[in-house]
Amino acid sequence: MLPKRIDREKKKQPKDTHWLGRMLAKLPPWPIFFPIYEASQLNLVEELYWSPRIPAGFDGFRIVFLSDIHYGPLFSEERMRDLVQRVNKLHADIVVLGGDYALNADSAIDFFQLKPGFQAKTAVLGIMGNHDRRGPEESLEKLKAAMREDGVTPLVNDGVVLERKGSRMAFVGCDDFYCGNPDLQKTAALSRSADYTVFLSHMPDILPETFSMPGGLFYQLALCGHTHGGQVAVLGHAIKSSSIYGSKYLSGWYHEHGVDFLVTNGVGTSGLPVRLGAKAQMHLITMKREM
Ligand SMILES: [Fe+2]
């Protein structure tokens with residue numbers, strides 16, 4: 001027998017509801033579930049990046065770039081293992097991890113102690129995001145050690161130079177712009193011996209700082225994350241932006257001051273497990289030398 005409360009509510013239903021209202025009432029609540037479903041998906045974005053500045057030895061070089069995993073309550077270990085499997089199947093020349101591995105420094109250490117096992121032909125590089133720098137300063141060295149034990153080279157105001165067929169390409173990464181101690185001069189100096197430099201920064205907000213650096217820009221391409229593409233965005237505008245530039249550097253490819261940069265929507269979510277108008281992404285970028 002139904003409780004009386006439900007019977008009372010039934011009696012309150014107006015008898016002359018419009019047919020459209022009755023039809024909509026029968027539909028599943030997709031506006032609620034679709035953003036949750038969207039947050040559970042991951043899209044591989046495959047891109048050819050053409051530039052005459054790419055050194056000959058790196059024509060066809062393949063980079064996997066992903067950021068903002070946010071391992072924790074909103075991104076399970078099972079999803080992490082699935083992500084790693086998908087990345088490793090791509091057999092990229094290099095894998096770049098754009099930071100925000102979890103929620104704070106301690107959980108980022110936990111993440112790498114699970115030994116995710118990202119693999120690439122030459123190197124797996126990782127930079128620090130704002131979440132990774134939430135914690136005492138000594139956590140940074142512990143996190144870097146955990147990354148190294150998993151085969152990831154941490155780049156915190158640091159860089160590596162790869163050599164291929166007589167060409168040299170630098171990958172340099174600075175500490176997080178807001179929560180770390182970024183040293184752009186030191187990072188820039190690491191690129192001097194290279195023919196081409198890829199600058200890795202968790203946040204795009206640091207890029208305008210580099211546009212006016214004495215000595216000129218030290219990189220040709222930058223890879224950034226952090227914004228989540230707004231996570232919930234309408235027509236390219238975030239409902240709540242995590243950038244001081246609002247939605248200016250929200251998502252996608254940009255060309256400013258003679259350099260190109262990509263801001264990825266990232267893999268995971270923060271705050272709520274929802275995405276709308278900002279699909280989760282990881283990128284496979286193939287460098288093509290345009291003559
Ligand atoms: Fe971030």
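The notes below deal with the structure included here. These figures come from a predicted structure and were not determined experimentally.

1. Points about the pattern of salt bridges
- Taken as a whole and judged by the stated rule, the model has eight salt bridges.
- Of the charged contacts, one joins Arg133 and Glu137 as a salt bridge, the two residues approaching to 3.0 Å between their closest N and O atoms.
- A relative accessible area of 7% means that Arg133 is categorised as buried.
- When its relative accessible area of 45% is taken as the criterion, Glu137 is described as partly exposed.
- Among the ionic pairs, Glu163 bridges to Arg168, the shortest N-O distance being 2.7 Å.
- Connected via shared salt-bridge partners are Arg133, Glu137 and Asp175.

2. Here we look at the coordination of the iron ion
- In this structure, Asp100 (OD), Asn130 (OD1), His202 (NE2) and His226 (ND1) serve as the protein donors to the iron ion, at separations of 2.1 to 2.2 Å.
- In this structure, the iron ion is coordinated by four donor atoms arranged in irregular fashion, with angles at the metal of 90 to 170 degrees.

3. Quick look at the sheet that holds strand 1 (residues 43–51)
- One open sheet accounts for six strands, arranged 1-14-2-3-4-5; its pairing is mixed. On the outer flanks of this sheet lie strand 1 and strand 5 (153–154), each paired with one strand and no other.
- Where strand 3 (residues 94–97) lies against strand 4 (residues 123–126), four bridges are found, and the strand directions are parallel. What sits directly across from Val95, in strand 4, is Val124.

4. Observations regarding the sheet that holds strand 7 (residues 167–173)
- Taking strand neighbours across the sheet as the criterion, the six strands line up as 6-7-8-9-13-12 in an open arrangement whose pairing is mixed. Because the sheet does not close on itself, it has two edges, and the strands there are strand 6 (158–164) and strand 12 (252–256). Mean inter-strand twist for the sheet, computed between neighbouring axes without regard to direction, equals 20 degrees.
- Summarising the sheet, strand 12 and strand 13 (residues 259–263) pair through five bridges and their orientation is antiparallel. Among the inter-strand pairings, Glu256 is bridged to a residue of strand 13, identified as Val259.

5. Quick notes on the layout of surface pockets
- Taken as a whole, the largest pocket holds about 390 Å³ of empty space.
- Around the largest pocket sit 18 residues that line it, and His228, Gly230, Gln231, Lys240 and Ser270 are the ones nearest its centre.
- Volume-wise, the second largest pocket comes out at about 210 Å³.
- In terms of lining residues, the second largest pocket is bounded by 16 residues, among which Ala188, Ser191, Arg192, Gly216 and Phe218 are the most central.
- Elements with a minimum of two residues in the lining of the second largest pocket: helix 7 (184–189) and strand 8 (196–200).
- If one sorts the elements of the lining of the second largest pocket by residue count, helix 7 sits on top with three residues.
- A breakdown of the residues in the lining of the second largest pocket according to their chemical character gives eight nonpolar, six polar and two charged.

Conventions and cut-offs
Residue numbers restart at each chain and count upward from 1, following the sequence in its written direction. Confidence filtering applies because this is a predicted model: local features only for residues at pLDDT of at least 70, side-chain atom pairs given and counted only at 80 or more, and all residues used for totals across whole chains, interfaces and linings. Excluded from the side-chain calculations are hydrogens and water; all other atoms, namely the structure's heavy atoms, are used. Any carboxyl oxygen of Asp or Glu that lies within 4 Å of a side-chain nitrogen of Lys or Arg is treated as forming a salt bridge with it. Only protein chains enter the area calculation, which uses a 1.4 Å probe; residues under 20% of their type maximum are buried, those over 50% are exposed, and those in between are partly exposed. Listed donor atoms are N, O and S within 2.8 Å of the metal (Na, K and Ca: 3.2 Å). As water is not included, a site may look incomplete. By the criteria applied here, four donors are tetrahedral when all angles lie between 85 and 135 degrees, four are square planar and six octahedral when opposite donors are over 155 degrees apart and every other angle lies between 65 and 115, and any other arrangement is irregular. Here a strand pair is declared whenever DSSP counts at least two bridges between the two strands. Runs of H or I in DSSP of at least four residues are treated as helices and runs of E of at least two as strands, each being numbered from the N terminus. In this description, a line fitted to the C-alpha atoms serves as the axis of each element, helices being fitted only across the stretch in contact, and the angle between N-to-C directions of two axes falls anywhere from 0 to 180 degrees. In this analysis, the protein atoms alone were mapped onto a 1 Å grid. Cavities are point sets where a 1.4 Å probe fits without being able to get out; pockets are open sets with protein on both sides within 12 Å along at least five of seven lines; lining residues have an atom within 4 Å of a point. Grid points are joined across faces, edges and corners, and a volume is the space filled by probe spheres set on the points. Any residue outside Ala, Val, Leu, Ile, Met, Phe, Trp, Tyr, Cys, Pro, Asp, Glu, Lys and Arg is labelled polar, Gly included; the first ten of those are nonpolar and the last four are charged.

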